[in-house]
Amino acid sequence: MKTILALETSCDETAVAILSVGNCRSGPPVGRISPVANSELLASEVASQFAEHEHFGGVVPEVASRSHLLHAPRLLERATSAAKVDLPNVDAFAATSGPGLASSLMIGASIAKGLAIGFGKPYLAINHLEGHLFSPFFGESELKPNVALIVSGGHTMSVFVRGVSDYEIIGRTVDDAAGEAFDKVAKLVGLGYPGGPEIEKHARDGDSARFDLPRSMLDSDNFSFSGLKTAVRYSLPKIGVIPNRGDRAGPRRSGGGTQAKLRNQSAGARLLASARDEMVADLCASFQQAVIDVLVRKAIAAARKYRVDLVTISGGVSCNQELRKQLLEACERGGFEFKSAEPWLCTDNAAMIAFAAMLQLHRGFQSSVTEEIDPNLALA
Ligand code: KG4
Ligand code: ZN
């Protein structure tokens, strides 16, 4: 039995996790299935910095790294206490070493290296994308080759995964990442940050056929979402939606002042507001469906091309229930197995980094403590 402690500080989430690894099922792969060790998550702590960055309208690197410095020691304490593990008894220390914000990556990597040196244990530098990539297998003891869709705020790519560290990039976005498009469109229509959950919430009541939005680069392996975002921007004046922060805070708050304001609104104004809300819902649903159509079509095409039995999806955007549902249905129609990570594992966390570190340890990999972080670290 071994324990791995991992830190994730690549962007605006500080996270620490402790994974217990037992029953090493080593040995040759059986067919195309590779056995790996059984693992159990002992602790997973995440501190999101949304509030710190929201009023800047995006992630500010210096604010992020200062915040990691504040949160990390507290999370380390909470994680070790929840896991009932003392730091000297941890068997390996891991951290995300890229891709991400340089000054943020440095915090987690420095802490993990310091602990590894101090306690004389191995250090593992883990690729953030590899963390996402294997999150659908979290806690399982076997890996299968698959076509993986990684859809997050910083990345959108499809990858042919033969096994651990054996990847071929099939396609990637040539402009915005899918999550970035969700965030930018949410901002355009006056919704909050992060935009993905906000758009999903509004899309539930919307008509996805109301707006005819583009599905770009359908015949390519690559992705493009910036044309879709621009099409949404052009739709706004046509339907009379003006992004307005004051408006969005009003009717959704439950305070008595707001209720009083609503009662005082003229019937005409209320009618206008409700028509506008309906159009925002329709626009959100139409945008979300355009993204889903592209992701589903490319995932299935790649699975056919690379002759895999399994399609996986990971990254923050894969929290989206409608995307998961439609991709599952498309996989069932196409005769593919489908796997997605549990929603809490889709957005940035350290459990997925600990799991990737466990897979790397299992194949005998460990890093030098002199290894530098790499903001542009490639997956393949
Ligand atoms: O994986 P992640 O936490 O961070 C990166 O590695 O980038 O992904 C964050 C992204 C954000 O853009 C957020 O808007 C998006 O994931 N996201 C969603 C949903 N939840 C988070 N997008 C669509 N629907 C969601 N429910
Ligand atoms: Zn991520």
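S.K.: Account for the confidence of the model for the protein, naming residues and giving values.
M.R.: Predicted confidence across the protein gives a mean pLDDT of 90, with 90% of residues reaching 70 or more. Counting interchain partners and residues more than four positions distant, the pLDDT-below-50 stretch residues 244-258 has 11 contacts.

S.K.: An account of the coordination of the zinc ion (ligand 2) is needed here, citing residue identities and associated values.
M.R.: Protein coordination of the zinc ion (ligand 2) is provided by His128 (NE2), His132 (NE2) and Asp348 (OD), with donor distances spanning 2.0 to 2.1 Å. The coordination sphere of the zinc ion (ligand 2) comprises four donor atoms, whose angles at the metal cover 95 to 136°; the geometry is irregular. Coordination of the zinc ion (ligand 2) draws on donor residues from a single chain, spaced H-x3-H-x215-D in sequence. Here His128 is found in helix 4 (residues 128-134), whereas its partner Asp348 is found in the loop between helix 12 (343-346) and helix 13 (351-362), with 220 residues between them in sequence. We classify His128 as buried; its relative accessible area is 5%.

S.K.: Outline the pattern of salt bridges, listing residues and values.
M.R.: If you walk through the whole model with that rule in mind, you get 18 salt bridges. For Glu45, the salt bridge identified is with Arg78, shortest N-O distance 2.8 Å. Of this pair, Glu45 sits in strand 4 (residues 38-48) while Arg78 is found in helix 2 (residues 61-83), placing the two residues 33 residues apart along the sequence. Residue Glu45 is classed as buried on the basis of its relative accessible area, which comes to 13%. Given a relative accessible area of 38%, Arg78 falls into the partly exposed group. Taken together, the shared-partner salt bridges in this structure form one network comprising Asp176, Glu180, Lys184 and Lys229.

S.K.: Tell me what's going on with unusual backbone geometry, and back it up with residues and numbers.
M.R.: Between Gly98 and the following residue, Pro99, the backbone shows a cis peptide bond with an omega angle of -15°. Among the secondary structure elements, Pro99 is positioned in the loop between strand 5 (92-98) and helix 3 (102-119). Note that the residue after Tyr193, namely Pro194, is joined by a cis bond; omega there is -5°. Within the element layout of this structure, Pro194 appears in the loop between helix 5 (178-188) and helix 6 (195-203). Despite not being glycine, Met217 has its phi angle at roughly 50°, a positive value. For Met217, the location among the structural elements is in the loop between helix 6 and helix 7 (226-239).

S.K.: Break down the state of the cysteines for me, with residues and values.
M.R.: For the coordinates displayed, the defined rule picks out zero disulfides. Unpaired in this structure, Cys319 has its nearest cysteine sulfur neighbour in Cys346, at a distance of 4.4 Å. The thiol sulfur of Cys331 is not disulfide-bonded, and the nearest other cysteine sulfur, from Cys346, lies at 15 Å. Of the residues examined, Cys331 reaches a relative accessible area of 0% and is grouped as buried.

S.K.: I'd like a description of the side chain of Gln49, backed by residues and values.
M.R.: Within the element layout of this structure, Gln49 appears in the loop between strand 4 and helix 1 (50-54). The exposure class of Gln49 is buried, given its relative accessible area of 0%. Here the side chain of Gln49 touches His68 through a polar contact of 3.4 Å, side chain to side chain. Other than its neighbours up to four places away in sequence, Gln49 contacts Asp12, Thr14, Val63, Ala64, Ser67 and His68.

S.K.: Now, about the nonpolar core: what can you tell me, with residues and values included?
M.R.: In globular proteins that are soluble, nonpolar side chains generally tend to be buried together. The biggest cluster of nonpolar side chains holds 49 residues, and the ones touching the most others in it are Leu213, Phe225, Phe287, Val291, Leu295 and Leu327. Going through the elements one at a time, strand 8 (146-151), helix 5, helix 6, helix 7, helix 10 (267-305), strand 11 (310-314) and helix 11 (321-334) are the ones with two or more residues in this core. In terms of residues, this core owes the most to one element, helix 10, which gives 15 residues. Once you skip the residues sitting within four places of it in the chain, Leu213 turns out to touch Leu228, Ala231, Val232, Ser235, Ser286, Phe287 and Ala290. Counting residues in hydrophobic clusters, the runner-up holds 40 residues, among them Val36, Tyr167, Ala350 and Ala354.

Conventions and cut-offs
Residues numbered from 1 in each chain as written. Chains lettered and ligands numbered in written order. Predicted model: local features only at pLDDT ≥ 70, side-chain atom pairs only at ≥ 80, totals over all residues. Heavy atoms only, no water. pLDDT = per-residue confidence, 0-100. Contact = heavy atoms within 4.5 Å. Donors = N, O, S within 2.8 Å, 3.2 Å for Na, K, Ca; no water. Tetrahedral: all angles 85-135°; square planar, octahedral: opposite > 155°, others 65-115°. Helix = DSSP H or I, 4+ residues; strand = E, 2+ residues; numbered from the N terminus. Buried < 20%, exposed > 50% of the residue type's maximum accessible area, 1.4 Å probe, protein only. Salt bridge = Lys/Arg side-chain N within 4 Å of Asp/Glu carboxyl O. Disulfide = S-S within 2.5 Å. Polar contact = N/O pair within 3.5 Å; in protein donor to acceptor, adjacent residues only side chain to side chain. Core = buried A, V, L, I, M, F, W, Y, C linked by side-chain atoms within 4.5 Å.

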